[in-house]
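Here are the chains, one letter per residue:
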Amino acid sequence: MAYFLIRNGTLIDGHGGKPVENAEILIKNHKIIDSGVEGSLKLPNDKIKYLDARGGFILPGFIDCHVHMMFTGFRFEDPLYTPLSLYFYQTTENLKKTLNAGVTTARDAGMADYGVKIAVEQGLIKGPRLQISVMPLSITGGHFDFHHKSGHQIKTTYPGLPDSICDGEDEVRKRVREVLRAGADLVKVMVTGGVISANDSPEHPQFTIGELRVMVEEASFRGLPVMAHAHGSSGVKNALKSGIKSIEHGTYLDDECISLFIKNDAWLVPTMLVHQVNMDKLESGELPEFSQEDARSVFIKGLKSVKKAHEAGVKMVMGTDSGIGPHGQNLRELGLLCEVGMKPMEAIQAGTKHAAELLGWQDKIGTIEKGKLADIVITSTNPLQNIDSMGNPDNIALVMKEGKIYKDIEHEFRLLID
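Residues numbered from 1 in each chain as written. Predicted model: local features only at pLDDT ≥ 70, side-chain atom pairs only at ≥ 80, totals over all residues. Heavy atoms only, no water.

1. Thoughts on the overall build of the protein chain
Heads up, the rule is: To qualify as a helix, a DSSP run of H or I must reach at least 4 residues; to qualify as a strand, a run of E must reach at least 2; elements of each kind are numbered from the N terminus. C-alpha atoms define the radius of gyration, and 2.2 Å times the number of residues to the power 0.38 defines the globule rule. Each accessible area is a Shrake-Rupley result for a 1.4 Å probe, and residues are judged covered by the shown protein chains and nothing else. In this charge count, Lys and Arg are treated as positive and Asp and Glu as negative; neither His nor the chain ends contribute. Every charge is mapped onto a representative atom, which is NZ of Lys, CZ of Arg, CG of Asp or CD of Glu.
Within the protein chain, the regular secondary structure consists of 12 helices and 17 strands. For the protein chain, the C-alpha radius of gyration of 21 Å lies close to 22 Å, the compact-globule estimate for 418 residues. Total accessible area on the protein chain stands at roughly 17200 Å², and carbon and sulfur atoms take up 49% of it. The positive charge centre, built from 46 side chains, and the negative charge centre, built from 54, are 4 Å apart in the protein chain.

2. A look at helix H5 (residues 209–220)
The following threshold applies: For a helix, the expected span equals 1.5 Å multiplied by the residue count minus one. Working definition: with a 1.4 Å probe on protein chains only, accessible area under 20% of the residue-type maximum means buried, over 50% means exposed, and in between means partly exposed. Should any heavy atoms of two residues lie within 4.5 Å, those residues are counted as being in contact.
In this model, H5 (12 residues) spans 16 Å end to end at C-alpha, consistent with the 16 Å of a helix rising 1.5 Å per residue. When we look at burial in H5, the residues that qualify are Glu-211, Leu-212, Val-214, Met-215, Val-216, Glu-218 and Ala-219. Those residues of H5 that are buried are in contact with helix H4 (169–181), strand S9 (187–190), strand S10 (226–230) and helix H6 (233–241).

3. Quick notes on the packing of H6 against helix H7 (residues 255–264)
Formally: In this description, a line fitted to the C-alpha atoms serves as the axis of each element, helices being fitted only across the stretch in contact, and the angle between N-to-C directions of two axes falls anywhere from 0 to 180 degrees. For this classification, under 35 degrees means roughly parallel, over 145 means roughly antiparallel, 65 to 115 means roughly perpendicular, and everything else is oblique. Should the near helix be turned anticlockwise from the far one by less than a right angle, the crossing is termed left-handed; should it be turned clockwise, right-handed. Note on residue classes: Ala, Val, Leu, Ile, Met, Phe, Trp, Tyr, Cys and Pro are nonpolar, Asp, Glu, Lys and Arg are charged, and everything else, Gly too, is polar.
Two elements in contact, H6 and H7, have axes whose closest approach is 9 Å; the angle formed by their N-to-C orientations is 20°. By the angle between their axes, H6 is roughly parallel relative to H7. Here H6 and H7 pass one another in a crossing that is left-handed. Facing H6, whose interface residues are Ser-233, Val-236, Lys-237, Leu-240 and Lys-241, H7 presents Glu-256, Cys-257, Leu-260, Phe-261 and Asn-264. Its residues placed into classes, the contact of H6 with H7 shows 5 nonpolar, 2 polar and 3 charged.

4. A short note on helix H2 (residues 84–100)
So the rule is basically this: What the arc covers is the set of directions going from the helix axis to the C-beta atoms.
Spanning 17 residues, H2 covers 25 Å between terminal C-alpha atoms, matching the ideal 24 Å at 1.5 Å per step. Inspection of H2 places Tyr-87, Thr-91, Asn-94, Leu-95, Thr-98 and Leu-99 among the buried residues, and these make up the whole buried set. In an axial view of H2, the angular spread of the buried residues amounts to 125°, which keeps them on one side of the axis. Structurally, H2 contributes buried residues whose contacts are with helix H1 (78–81), strand S7 (103–108), helix H3 (114–121), strand S8 (129–132), strand S15 (396–401) and strand S16 (404–408).

5. A look at a negative patch on the surface
Here is the rule we go by: Nonpolar side chains (Val, Leu, Ile, Met, Phe, Trp, Tyr) within 5 Å and like charges within 9 Å form the patches, drawn only from residues with over 30% relative accessible area and no salt bridge. Each salt bridge in this description consists of a side-chain nitrogen of Lys or Arg and a carboxyl oxygen of Asp or Glu lying within 4 Å of one another.
The grouping of Asp-167, Glu-169, Asp-170 and Glu-171 at the surface amounts to a negative patch. Residue placement: Glu-169 occurs in helix H4.

6. Regarding the nonpolar core
To keep things clear, this is the line we draw: Put simply, a nonpolar core is a bunch of buried Ala, Val, Leu, Ile, Met, Phe, Trp, Tyr and Cys residues held in one set by side-chain atoms that sit within 4.5 Å of each other.
Membership of the largest hydrophobic core comes to 85 residues, with the highest contact counts inside it found for Phe-62, Leu-137, Val-189, Phe-207, Ile-244, Ile-247 and Phe-261. With 5 residues, H5 is the single largest residue contributor to this core. Beyond its immediate stretch of four places on either side in the chain, Leu-137 contacts Ser-164, Cys-166, Arg-175, Val-176, Val-179, Val-187, Lys-188, Val-189, Met-190, Phe-207 and Met-215. Ile-27, Ala-374, Leu-398 and Met-400 belong to the second-largest nonpolar core, a separate cluster that totals 16 residues.

7. Brief notes about the sheet that holds S7
The strands that make up a sheet are held in pairs by hydrogen bonds between backbone atoms, and each pair lies either parallel or antiparallel. Worth spelling out the cut-off: Only strands joined by at least two bridges in the DSSP assignment are considered to pair.
What the 3 strands build is an open sheet, ordered S6-S7-S8; its pairing is parallel. Looking along the sheet, the strands with just one partner apiece sit at the ends: strand S6 (62–67) and S8. Averaged over all pairs of adjacent strands, the angle between their axes in this sheet comes to 15°, without regard to strand direction. Pairing geometry for S6 and S7, over 4 bridges, is parallel. Bridged to Val-67 within S7 is Asp-108.

8. Some points on unusual backbone geometry
Backbone geometry places Met-111, a non-glycine residue, at a positive phi of 95°. Note that Met-111 resides in the loop between S7 and H3. Owing to a relative accessible area of 9%, Met-111 belongs among the buried residues under this scheme.

9. Considering the pattern of salt bridges
Applying the stated criterion across every chain yields a total of 17 salt bridges. As a salt-bridge pair, Arg-173 and Glu-217 come within 2.9 Å of each other at their nearest N and O atoms. Of the two residues, Arg-173 sits in helix H4 while Glu-217 sits in helix H5, which places them 44 residues apart along the sequence. Taking relative accessible area as the criterion, Arg-173 reaches 21% and is therefore assigned partly exposed. The partly exposed category is assigned to Glu-217, whose relative accessible area is 35%. Notably, a salt bridge pairs Glu-369 with Lys-372, separated by 3.2 Å at the nearest N-O pair. Glu-369 gets classed as partly exposed once you look at its relative accessible area, which sits at 27%. What makes Lys-372 buried here is its relative accessible area of 9%. Residues joined by salt bridges that share partners form a network here, namely Arg-173, Arg-177, Glu-217 and Glu-218.

Below, the structure is given as C-alpha cells:
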C-alpha cells in the first residue's frame, strides 16, 4: 500500500500542546509513521499520495465513551411493532452517522452484540470500532427491567442475547458470566434508576455493594472493567466503593461522591448531550408523563454536578448516550463540556487522549503520534476558537480510520497526487 502524506493543515495532536501550523502527517497502511512541521519529516522513496488538508485542522479521531448503537430513539412500545431485523438495519445507519460525525471509536453501553462489533471489524458495515457491553444488568424493578405495572413486559430478545435482570450475589455472578460469554468487552450495570424508567427514579440506588463487588471481581478474572449507569449519589457511592472506575451520568454528586472519585482515580462520563435532548423533547411534549419531572431535574442538577466535579479535578471524558438521543451529533458534547468549565483544548482531550485512557486503548488511539492507528479527523473550522462548530457534522471535512478515508466532503476539490 502507498504512503499517505497529509499536509497544509494545523495539527492538534491530542497531547494538549500548542497547535502545529503547516503540519504534515506520514501514514503507511493503517498506522502513523511520523508527524511534524512541513518539510521536517524524512520521506520514503516509495510512492506517496499527498492529501491536501486545505487549511483545515487535523485532530485525532474522536472517542465516544457512551453510545447505544442499537437504539434509534427509545420508546417502550417499539418492540411491539418493530421487526427484529429492522433494528440491525437501523444500526448500520447509526454507525455510519457516528463515523461521519468524527467518532472513530465508541463504547456501546448496551444492546449492540458481538455480531455488530465483528461486522464493523470485517468491513461489512461502516462505523467506529467498538467496545461492547452487550446487555446492561438490572435488578428486578430496576432501570432495565421492562415489566410494567400491568404485569406485561416489552423487550427485545433473541438467542444469544442474555437477560438483564439479576438479584443476589449468586445470580449476579452467573449473569456476568453470561454477558462475558456473549462477547462483552466490559460489564455495564444500572446502579440507580433512570429518566426513562417506568418503575423507578434516577435517585433510587440499585444493587447492593456486595452484588456490585461480585460484578467487579468476575469481570476482573478476564481483565475487563465495569461501567455504571449512576444518577443518584447513593448509587454513585456504592459503585465507587465496589471498585467500579467508570461512572456514567453522575447527576446528583455530593462532596463525598467527588472525594471518592479522586480517591479511587475513577472517571466521570457526564453525557450532558442526552440531558439536553431530553429537555428539548420535554418542551415539545414528546416525553411520557412519568419521565417529565425526572428529565427536568437531571438536566438542571446534572450541569451543577458536572461543573463541581470538574472544579474538583475529577477525570472526565466524552460520552453522549447517543441512541437515546439522535446519532451523528456526538461532538456537540464538546461544547457542553466547555459550558461546565473546560477549555476547548481540554474538551478535545476529553474526547481523544483521555477517552482512550478510560478504554484502555491509549497505546493505539487517542493522539496523533508515531506507531498509533491512523484515526484522523480534519475540520473546516477552528475548534479552539469555536468548539460548538464541531457538533455540526458538515464541519467535519474528512474522517480517516486506520488509514482508510471514510468521509471526504471535499473529494472533488481535495487533490490526491501520485
